[in-house]
Amino acid sequence: MSNTHSRRRFLGLAAMQTAAAVGLTTIATQPAAAAHRRQRDFVPALVIGSGYGSAATALRLGEAGIRTQVLEMGRLWDTAGADGKIFCSMLQPDHRSTWFQDRTEAPLSSVLWADVINRDIEPYAGVLDRVRHGDMSVYVGRGVGGGSLVNGGMAVTPQRDYFEEILPSVDAGRMYGKYFPLANRMLGVNTPDPEWLETCDSYQYARVSRGHAHDAGLHTTVVPNVYDFDYMRREEAGEVPQSALASEVIYGNNHGKRSLDRSYLPEAIGTGNVTVHALHRVRTFRQEQDGTYVVTVEQIDELGNVLGTREIGCRWLFLGAGSLGTTELLVRARDTGVLPRLGAAVGEGWGTNGNVMLGRALAEPTGQIQSGMPALGINNWRDPKYPVFAEIAPVPAGLDLLMTLYLAITRNPERGRFRYLPENDSVRLDWDIDQGAPSVEAADAVFRRINRAAGTELRNDLFGDDRAFENRFTYHPLGGCVLGEATDLHGRVRGYRNLYVTDGSLIPGSTGVNPFVTITALAERNIERVLAEDF
Ligand code: FAE
């Protein structure tokens, strides 16, 4: 890392710590904060959300000297609770786990059909949200850093031929030559030491699963991650406080993980031009005659009370609220007549990245300690009939349940769409449970093959009823404002100047792998062009 980069990151991290220590929701280095106080209601560039697309965009805007505000509805996760920890673990979830619910909503909802996983909690601005739209629930991260706070950190660059297929109008040569390497570098992607991976306790479960896949003639691969594998090695050696090895994933990691609040965001704040406003929820936006965008934003507290509503004007507006958040804002703006020139492509082309979860019952031990960060995957993507990329996921229960879990990414051509409902001013995702069938069919074919070779069976006790495949939720919402359709080829929303989409909504429903590296690389590519041509 260059001196400039590390100085900026240091300044940004210090600003975050200061804000957390004194309970501020605005995170800024001092000079920028003063400037914002003077011109509170207008800022040149506004970014909604603080996930991957937003964080990359904010850094490049700040570097270019453009004053930028980032509005994030979740909290800053930088203050320890009464137990001395910032985040709670999966095994003992409390109010910090979940976004304003009175019970946790874990993806694995039962063991032996018993409701032993979820817990009653106090409603709070917790870090994981499960947004329900009829037959489909979408898991998203809430907080400064978006999905990076809750995810499994798997940092996968898609296969080039599949990337070319889903986004044919994007220059793949530039993506693979420049933006994917840049995104990997900025995110701090790393791989485990091969020898340690083969001998450690933390990945016994993954090695057992890998062996069964090989017995069935399937390929496997090591999966890079943003979790610091050297830190994990020291966790196993008992040298540092545990996080991945202490059942921490989906509700946040207290150590080891290079989430966006440790990478892009402090660097953006450290430019002195970017401020991040936590617990600021954008409701709507409009455009005035002179082209100014006016965003209506509610400031909330951690209990959900609305402390105030204000308007912020800006010249350049970047939507990075994630596939659901961004699409909702645009569909509402179009269908209420606020931005009437938004086209019919807004709200279309949404997909689950073919997500389906399943578990297998095993006869051999998988280990008591299971790293929460997956490091191996089954790569059957080249199969013409049943392409599947399945992460070998942990069951970090603290005891060996003689099972193994997978999140399979399949090639599901089904797409959902978003609709505005005037009766309650909401935006609804239309996705029918049957649309998940191609994912189940592909996963069933691959795991039937593994089970035949290993003499094992699927578990059908994990999802609240007796289904073996869970396709009623996704971790990987993609699309809704697809690149080249709802926007031009660099994320400029069609019909409006200086309005941009910069997150997972640009990707047409599928990446074939876990998506955040693609979202980041695409955001880097787009903002480079936008800065060169629109500012
Ligand atoms: P995202 O990260 O969702 O950020 C959007 C942000 O906008 C959030 O912080 C929202 O709170 C905020 N927001 C939304 N609406 C508003 C509003 N109206 N006003 C203000 N703020 C708003 O967007 N992907 C991988 O590549 N590897 C993994 O291992 C992986 N594991 C996952 C595990 C879990 C449990 C989950 C939930 C996801 C996982 N993902 C993984 C998916 C990944 O986190 C996701 O694709 C990205 O976070 C999406 O990035 P975006 O920039 O689109």
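What counts and how
- Residues numbered from 1 in each chain as written.
- Predicted model: local features only at pLDDT ≥ 70, side-chain atom pairs only at ≥ 80, totals over all residues.
- Heavy atoms only, no water.
- Helix = DSSP H or I, 4+ residues; strand = E, 2+ residues; numbered from the N terminus.
- Buried < 20%, exposed > 50% of the residue type's maximum accessible area, 1.4 Å probe, protein only.
- Contact = heavy atoms within 4.5 Å.
- Areas by Shrake-Rupley, 256 points an atom, 1.4 Å probe, with all protein chains shown as cover.
- Lys, Arg positive; Asp, Glu negative; His and termini not counted.
- Charge placed at Lys NZ, Arg CZ, Asp CG, Glu CD.
- Near = heavy atom within 4 Å.
- Polar contact = N/O pair within 3.5 Å; in protein donor to acceptor, adjacent residues only side chain to side chain.
- Nonpolar A, V, L, I, M, F, W, Y, C, P; charged D, E, K, R; others polar.
- Pairing = 2+ DSSP bridges.
- Salt bridge = Lys/Arg side-chain N within 4 Å of Asp/Glu carboxyl O.
- Axes fitted to C-alpha atoms, helices over the stretch in contact; angles between N-to-C directions.
- Left-handed = near helix turned anticlockwise from the far one by under 90°.
- Expected span 1.5 Å × (residues − 1).
- pLDDT = per-residue confidence, 0-100.
- Core = buried A, V, L, I, M, F, W, Y, C linked by side-chain atoms within 4.5 Å.
- UniProt positions renumbered as here; feature names shortened; annotations may be inferred.
- Phe/Tyr/Trp six-rings, centres within 6.5 Å; stacked < 30°, edge-to-face > 60°.
- Lys NZ or Arg CZ within 6 Å of the ring centre and 35° of its normal.

Caption draft 1: Representation of the overall build of the chain. Scanning the chain from N- to C-terminus turns up twelve helices and 22 strands. Principal-axis analysis of the C-alpha atoms places the extent of the chain at approximately 70 × 50 × 45 Å. By residue count, 60% of the 535 residues in the chain fall in the buried class. Contacts in the chain between residues at least 24 apart in sequence constitute 72% of all its contacts with a sequence separation of at least 6. As displayed, the chain offers around 20,100 Å² of accessible surface, 49% of which is attributable to carbon and sulfur atoms. Within the chain, the 63 negative side-chain charges are centred at a point lying 6 Å from the centre of the 54 positive side-chain charges.

Caption draft 2: Just the site of the ligand, in detail. Neighbouring the ligand are 35 residues; E72, G147, M154, G504 and F516 lie closest to it. The separation between an oxygen atom of the ligand and a polar main-chain atom of G53 is 3.1 Å. Measuring from an oxygen atom of the ligand, one finds a backbone N or O atom of F516 at 2.8 Å. Computed on the free molecule, the ligand has an accessible area of 1,000 Å², of which 95% lies beneath the protein chains in the complex. Secondary structure elements with two or more residues in the shell around the ligand: α3 (52-63), β5 (136-141), β8 (280-287) and α12 (516-534). Of the residues assigned to the shell around the ligand, the class counts are 14 nonpolar, 17 polar and four charged.

Caption draft 3: Quick look at the sheet that holds β5. Strand order in the open sheet formed by three strands is β4-β5-β20, and the pairing between neighbours is mixed. The outermost strands of the open sheet, each flanked by one partner alone, are β4 (128-133) and β20 (473-474).

Caption draft 4: Main features of the pattern of salt bridges. Applying the stated criterion to the full structure yields 42 salt bridges. Among the salt bridges present, the one from R262 reaches D261, with a minimum N-O distance of 3.9 Å. Connected via shared salt-bridge partners are R8, R9, R60, E63, E267 and E524.

Caption draft 5: How the structure looks around the packing of α3 against α12. Put simply, α3 and α12 touch, their axes get as near as 8 Å, and they point 30° apart. α12 is crossed by α3, and the crossing has right-handed handedness. Residue-level inspection shows Y52, G53, A56, T57, R60 and L61 of α3 in contact with α12, the latter providing F516, I519, T520, A523, E524, I527 and L531. Of the residues assigned to the contact of α3 with α12, the class counts are eight nonpolar, three polar and two charged.

Caption draft 6: Region of interest: the environment of L478. Locating L478 in the fold gives a position in strand β21 (residues 478-480). Once the C-alpha coordinates of L478 and I519 are considered, the two residues, 41 residues apart in sequence, prove to be 9.5 Å apart.

Caption draft 7: Looking closely at α3. With twelve residues, α3 extends 17 Å from end C-alpha to end C-alpha; this agrees with the ideal 16 Å at 1.5 Å per step. Downstream of α3 by one or two residues, G65 has phi in the positive range, about 85°.

Caption draft 8: Molecular detail of the confidence of the model for the chain. In this model, the chain carries an average pLDDT of 95, and 98% of its residues clear a pLDDT of 70 or more. This stretch, residues 32-40, has a pLDDT under 50; its non-local contacts, to residues over four places away or in other chains, come to 15 contacts.

Caption draft 9: How the structure looks around the nonpolar core. Judged by nonpolar contacts, the single largest core of 99 residues is most densely connected at I27, F285, L317, F318, L330 and L499. Contact partners of F318, with chain neighbours within four places excluded, come to A45, L46, V47, I48, T57, L61, Y500, T502, I527, V530 and F535.

Caption draft 10: Main features of the UniProt feature "domain: Glucose-methanol-choline oxidoreductase N-terminal" (unreviewed entry) in the chain. UniProt annotation of "domain: Glucose-methanol-choline oxidoreductase N-terminal" (unreviewed entry) refers to residues 141-164 when read in the numbering used here. The span residues 141-164 is 21% helix and 4% strand, and its two end C-alpha atoms sit 28 Å from each other.

Caption draft 11: Quick peek at the packing of aromatic side chains. Scanning the model with the defined rule gives 18 aromatic pairs in all. Measuring from ring centre to ring centre gives 5.1 Å for Y162 and W381, while their planes differ by 75°; the resulting arrangement is edge-to-face. Highlighted residues: Y162 in helix α4 (residues 160-166) and W381 in the loop between β13 (376-379) and β14 (388-393), separated in sequence by 219 residues. Exposure class is identical for Y162 and W381. Each is buried. Ring centres of F163 and F180 lie 5.6 Å apart, and the angle between their planes is 80°; this geometry places the pair in the edge-to-face category. With F163 in helix α4 and F180 in helix α5 (residues 172-187), the pair connects residues that are 17 residues apart, well separated along the chain. Ring-pair connections join several aromatic residues into one group, and the members of that group are Y139, F473 and Y475. Sitting above the plane of the W77 ring, R75 keeps its charged end 4.0 Å from the centroid.

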